[in-house]
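Topology and contacts: notes
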Amino acid sequence: MIRGKNQLTEEKKKLLKQGTKVKFKWHGSNLLYIGRIELDKHGNIYFINEHSFENDKLKEVDEGMKYYNRLDSFFFFTYFEILKK
């Protein structure tokens, strides 16, 4: 059973742009995820872990992760913070 409100509100979701740095926890995990937002040409929002970046650029070896983790696949966020727009 999920308690509380989803911390990724519509207001926060509207602020997510290409490269936005975020930090979150999601229902079912106690891990703290830190990474960046990627958008495809259809406006779908994806998450890429911060360790996939070097000098603010996505590492070539991690290019395949670009459209792998849809943000909405995490389902319910117990904590969500925008670190840098």
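Here's what I pulled together on the structure shown here. Given the structure is predicted, the values throughout are model-derived calculations rather than measurements.

Brief notes about the side chain of Thr 20
- Relative to the helices and strands, Thr 20 resides in the loop between helix H1 (10-15) and strand S1 (21-26).
- According to the relative accessible area criterion, Thr 20 is buried, its value standing at 0%.
- Look past the residues within four positions of Thr 20 in its chain and what remains in contact with it is Leu 15, Gly 35, Arg 36, Ile 37, Ile 82, Lys 84 and Lys 85.

A closer look at a nonpolar patch on the surface
- The grouping of Leu 32, Ile 34, Tyr 79 and Leu 83 at the surface amounts to a nonpolar patch, some 310 Å² of accessible area in total.
- Positionally, Tyr 79 belongs in strand S6 (residues 77-84).

Topic: the pairing of strand S2 (residues 33-39)
- Across the 7 residues that make up S2, a large majority, 5, are buried.
- Bridging between S1 and S2 involves 4 bridges; their strand directions are antiparallel. The residue of S2 that forms the bridge with Phe 24 is Tyr 33.
- As paired strands, S2 and strand S3 (residues 45-49) are joined by 5 bridges and run antiparallel to one another. For Arg 36, the partnering residue across the bridge sits in S3 and is Ile 48.
- The antiparallel hairpin formed by S2 and S3 contains 5 residues in its connecting segment, where Gly 43 sits at a positive phi of about 90°.

Side note on the sheet that holds S2
- Across the sheet, 4 strands lie side by side as S3-S2-S1-S6; this open sheet has antiparallel pairing. Only two strands of the sheet have a single neighbouring strand rather than two, namely S3 and S6. Within this sheet the neighbouring strands show an average axis-to-axis angle of 35°, counted without direction.

Definitions and limits used
Residues numbered from 1 in each chain as written. Predicted model: local features only at pLDDT ≥ 70, side-chain atom pairs only at ≥ 80, totals over all residues. Heavy atoms only, no water. Helix = DSSP H or I, 4+ residues; strand = E, 2+ residues; numbered from the N terminus. Buried < 20%, exposed > 50% of the residue type's maximum accessible area, 1.4 Å probe, protein only. Contact = heavy atoms within 4.5 Å. Patch = residues over 30% accessible without salt bridge, like charges linked within 9 Å, V, L, I, M, F, W, Y side chains within 5 Å. Areas by Shrake-Rupley, 256 points an atom, 1.4 Å probe, with all protein chains shown as cover. Salt bridge = Lys/Arg side-chain N within 4 Å of Asp/Glu carboxyl O. Pairing = 2+ DSSP bridges. Axes fitted to C-alpha atoms, helices over the stretch in contact; angles between N-to-C directions.

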